[in-house]
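# Residue-level structural notes
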Amino acid sequence: MTSRFPALLLAAFAGALALSGSALATPAKEAPWLPEAAAYRLTLFLGNLEPLPWDDVEAAWSEPHRNSDFSFGALARLDEDSDVKPDTLMDAISSEDRHAVFAEATRLIALRLEEELDRAIAAESPATAQRAVREARELYRAFADGIAAADPEASRRIGRAWLELASGAGSPGLLGAGTTPTSTEAMTTARAVISDYLADNYLLDTFTTRRTLSALPETAVLSGRSVEVPPSLPPGSDIFDQDPLPLLVLNFEEQGIDETDLPLVAYGDMLFDSAQIFGSPARDIGIACSTCHNRSDVNQRLFIPGASHQPGAIDVDGAFFNPIFNDRRDDPIDIPSLRGLRFTGPYGRDGRFASLRDFSRNVIVNEFGGEEPTPFMLDALVAYMLEFDFLPNAMLTADGRLTSAAPEAARRGEAIFNRPFAGLGDRSCASCHVPDANFLDRQAHDISSVAQVYEGARAGALDTPTLLGTVYTAPYFHDGSLPTLAAVVDWFDETKSLGLTEADRDDLTAYLEAVGAADEPYEAFGSENTAFRLAFSELTTFASTLDTLIPQRDAEHILLLVDTVAADLAADAGTMSNLAARPDVYALAKGLEEVGAAVRDEDWAAAEASWSAFKSDANAIDERAF
């Protein structure tokens, strides 16, 4: 397999079909959130973090959420378009009263919903009525998943009411044709279904104190029943793959070895793209290793409110992913590249893990709350990640020297890079970023880039990062505080008193840019090399490990693979340009599910037969264009 296209589902954003109930693997853009509904969902999400980020809660109402379709926040919209006033809510936020914030925010959304329903009923034209119904339904979205989880029958009843409201609102038609009048009676009847439920559950004087903030209706909370609302990410989150997609360079591929001949590596490749190895909520919202590390590199667009201070950064030891691993510190770190991983140990930002195996287990079990991986799973993950290679760079030799392809400024910068400075303890930049050792020294150093958290603290030492490929991994430093390589040079010059001239800074920057460059940094898509072709090749390669696992009767690892790949195949079919071939891919996914069903029944003959049919069908599909 020459390249990969790791995909993942934003289960919080879209209801794609799951063949086996697993987290899927096809990105789906979420519908835009209204500012009030977005602020409410952000409030619920942030309100479950410990410690609770009160400044972020206030910002959720005063500012538009990240990537919002609106240029203003909820407060501005309420001030301009609504008679519902947020004063009591803002007082609760100022008082840092978690329960009061929940109660006031919930009432506010319910009141806004009723306000729009009033407008719909009072509208003098079908167009105005339809607009108000749409607005009300978008506000209802803030409560919808809680109602669906706790009261499916009410959810269906309310769903029908929304359809009846839209129908009763009438239609302005098109160019005077197809006009249908508004039916106030039908709208009033449908509206009552929604309003009665709001009155009983969301428009209350008092709410039961909740340990976990959610959109569950009050009647469900009072019943004492255990109801789980599916985990979701709040508005403003972005866990899509980076675009353009980084090019993946694998050591075995560069040697002409096919991944299907390396079953341990292929299974590790599948695990790297599987949300199934993590616990909830990461598993349920479709987060995998490849979510943060797109094709072994950095996902520079990843952002989760409350866990990210900027795109490309995340706090993996906060309250969201695994509360028991919460260190109660707001310390998101810039996502590191995994390129050349076999050369870059020890692992972790401060080099706390000497073993990649131990580091991988910590990510699965501690950071993301997964079950203890089997020895085979760890073997496979490590075997795959050790194949990650650096991007080829024609401006560098294998021992880290510049070639004739590098610009003259970079050559002058190379001399500066190797020059000892008093401010660096009579060492040079190359003392830590050793050119003939992949610009690493495999040590941790305190360069005073980490703020001292208490007097005498010695917690500022960070693992020396490689400089290879860094042109494509901005921003820089552990917290992403420096936007460019030029800013890195300026920081060292100023904080270490290097005494560089402006020309020196420019030359040193040119050198870093030459070292950090690549010949082809991104995947090149075309009419034949499509996203689906890459995904299809990847998924069928994952499945090829069944040639090894089925004869071994390894049910546990077969089922993990089948549950991951079958769902992903069906979801990725949605990216096909060849629409006529989609049913074939859906059938192929179903065939892989049949392998899993036979394994669960311990019918190994049926499993082998279904697997043989899958391979034959996959080969036939692969011969056609997508």
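These figures come from a predicted structure and were not determined experimentally.

Conventions adopted
- Residues numbered from 1 in each chain as written.
- Predicted model: local features only at pLDDT ≥ 70, side-chain atom pairs only at ≥ 80, totals over all residues.
- Heavy atoms only, no water.
- Helix = DSSP H or I, 4+ residues; strand = E, 2+ residues; numbered from the N terminus.
- Rg over C-alpha atoms; globule rule 2.2 N^0.38 Å.
- Buried < 20%, exposed > 50% of the residue type's maximum accessible area, 1.4 Å probe, protein only.
- Phe/Tyr/Trp six-rings, centres within 6.5 Å; stacked < 30°, edge-to-face > 60°.
- Lys NZ or Arg CZ within 6 Å of the ring centre and 35° of its normal.
- Core = buried A, V, L, I, M, F, W, Y, C linked by side-chain atoms within 4.5 Å.
- pLDDT = per-residue confidence, 0-100.
- Contact = heavy atoms within 4.5 Å.
- Polar contact = N/O pair within 3.5 Å; in protein donor to acceptor, adjacent residues only side chain to side chain.
- Axes fitted to C-alpha atoms, helices over the stretch in contact; angles between N-to-C directions.
- Parallel < 35°, antiparallel > 145°, perpendicular 65-115°, else oblique.
- Left-handed = near helix turned anticlockwise from the far one by under 90°.
- Nonpolar A, V, L, I, M, F, W, Y, C, P; charged D, E, K, R; others polar.
- Expected span 1.5 Å × (residues − 1).
- Patch = residues over 30% accessible without salt bridge, like charges linked within 9 Å, V, L, I, M, F, W, Y side chains within 5 Å.
- Areas by Shrake-Rupley, 256 points an atom, 1.4 Å probe, with all protein chains shown as cover.
- Salt bridge = Lys/Arg side-chain N within 4 Å of Asp/Glu carboxyl O.
- Lys, Arg positive; Asp, Glu negative; His and termini not counted.
- Charge placed at Lys NZ, Arg CZ, Asp CG, Glu CD.

In terms of helices and strands, the chain carries 23 helices and 4 strands. In terms of overall size, the chain behaves like a compact globule, its C-alpha atoms giving a radius of gyration of 28 Å where 626 residues would be expected to give roughly 25 Å. By its C-alpha atoms, the chain is 80 × 65 × 55 Å across when sized along the principal axes. When the 626 residues of the chain are sorted by exposure, 54% land in the buried category.

This part covers the environment of Lys-29. Relative to the elements of secondary structure, Lys-29 occurs in the segment before α1 (35-47). Sequence-wise, Lys-29 and Pro-583 are 554 residues apart; in three dimensions their C-alpha atoms are separated by 23 Å.

For the peptide bond that leads from Glu-50 to Pro-51, omega is -5°, which places it in the cis range. Topologically, Pro-51 is positioned in the loop between α1 and α2 (54-62). Residue Pro-244 is bonded to the preceding Asp-243 through a cis peptide linkage, with omega at 5°. Following the sequence through the fold, Pro-244 ends up in the loop between α9 (218-223) and α10 (251-254). In this structure, Glu-96 is a non-glycine residue whose phi angle is positive, near 55°. Along the chain, the position of Glu-96 falls in the loop between α4 (87-94) and α5 (98-122). With phi around 50°, Ser-497 is a residue other than glycine that occupies positive phi space. Judged by relative accessible area, which is 60%, Ser-497 ranks as exposed.

Within this structure, the stated rule accounts for 24 aromatic pairs. When the ring of Phe-353 is compared with that of Phe-359, the centres are 5.8 Å apart and the planes differ by 70°; the resulting orientation is edge-to-face. Judged by centre distance (4.8 Å) and plane angle (45°), the ring pair of Phe-417 and Tyr-511 falls under tilted. Placement of Phe-417 in helix α15 (residues 408-417) and of Tyr-511 in helix α18 (residues 502-515) is noted, with a sequence separation of 94 residues between them. With relative accessibility at 0%, the residue Tyr-511 sits in the buried group. Through a chain of ring-to-ring contacts, the aromatic side chains of Phe-45, Phe-278, Phe-320, Phe-321 and Phe-368 assemble into a single cluster. Its guanidinium or amino end placed over the ring of Phe-303, Arg-66 lies 5.0 Å from that ring's centre, counting from NZ or CZ.

Grouped together as the largest cluster of nonpolar side chains are 138 residues, with contacts concentrated most on Trp-61 and Trp-162. Looking at this core, the element that brings in the most residues is α5, giving 11 residues. In terms of nonpolar packing, the next biggest core, distinct from the first, is built from 37 residues, Ala-410, Phe-417, Leu-482 and Val-515 among them.

Averaged over every residue, the pLDDT of the chain is 93; residues scoring 70 or more account for 95%. Contacts from residues 1-21, a stretch scored under 50 in pLDDT, to residues over four places away or in other chains number 83 contacts.

To continue, consider the side chain of Ser-214. Relative to the helices and strands, Ser-214 is located in the loop between α8 (184-201) and α9. On the basis of relative accessible area, Ser-214 is assigned to the buried category, the value being 13%. In this structure the side chain of Ser-214 is engaged in a polar contact, spanning 3.3 Å, whose partner is the backbone nitrogen of Leu-216. Leaving out residues up to four positions away in the same chain, Ser-214 has contacts with Tyr-40, Leu-44, Phe-102 and Val-229.

Axis separation between α1 and helix α6 (residues 126-150) bottoms out at 7 Å; the angle between their running directions is 20°. When the axis of α1 is compared with that of α6, the two are roughly parallel. Like other packed secondary-structure pairs, α1 and α6 cross with a definite hand, here right-handed. Across from Glu-36, Ala-37, Tyr-40 and Arg-41 in α1, the residues of α6 making contact are Glu-138, Leu-139, Arg-141, Ala-142, Phe-143 and Asp-145. Of the residues assigned to the contact of α1 with α6, the class counts are 5 nonpolar, no polar and 5 charged.

Glancing now at α5. Its 25 residues place the ends of α5 36 Å apart at the C-alpha level, agreeing with the 36 Å of an ideal helix rising 1.5 Å per residue. Backbone nitrogen of His-99 and a side-chain oxygen of the N-cap are separated by 3.3 Å at the start of α5; the cap is Asp-97.

A grouping of Asp-55, Asp-56, Glu-58, Glu-63, Glu-96, Asp-330 and Asp-331 is seen on the molecular surface, where their side chains present a negatively charged patch. The topology assignment puts Asp-56 in helix α2.

The subject of this paragraph is the packing of α5 against α8. Where α5 meets α8, the axes come as close as 10 Å, and the angle between the chain directions of the two elements is 170°. The angle between α5 and α8 falls in the class roughly antiparallel. Residue-level inspection shows Ala-110, Leu-113, Glu-114, Leu-117, Asp-118, Ala-120 and Ile-121 of α5 in contact with α8, the latter providing Thr-184, Met-187, Thr-188, Arg-191, Ile-194, Ser-195 and Leu-198.

Turning our attention to the environment of Ala-571. Mapped onto the elements of the fold, Ala-571 is located in helix α21 (residues 555-572). Given the relative accessible area of 13%, Ala-571 is considered buried. A sequence separation of 15 residues divides Ala-571 from Tyr-586, and the C-alpha atoms of the two residues are 8.6 Å apart.

In the structure shown here, the tally under the stated rule is 35 salt bridges. Two residues, Glu-116 and Arg-112, come together in a salt bridge whose shortest N-O distance is 2.9 Å. Placement of both Glu-116 and Arg-112 in helix α5 is noted, with a separation of 4 residues, approximately one turn of the helix. A relative accessible area of 4% places Glu-116 in the buried class. Residues Asp-284 and Arg-283 are paired through a salt bridge, measuring 3.9 Å at the closest nitrogen-oxygen approach. The partly exposed category is assigned to Asp-284, whose relative accessible area is 30%. A single salt-bridge network, built from bridges that share partners, covers Glu-36, Arg-77, Arg-112, Glu-115, Glu-116, Arg-119 and Glu-135.

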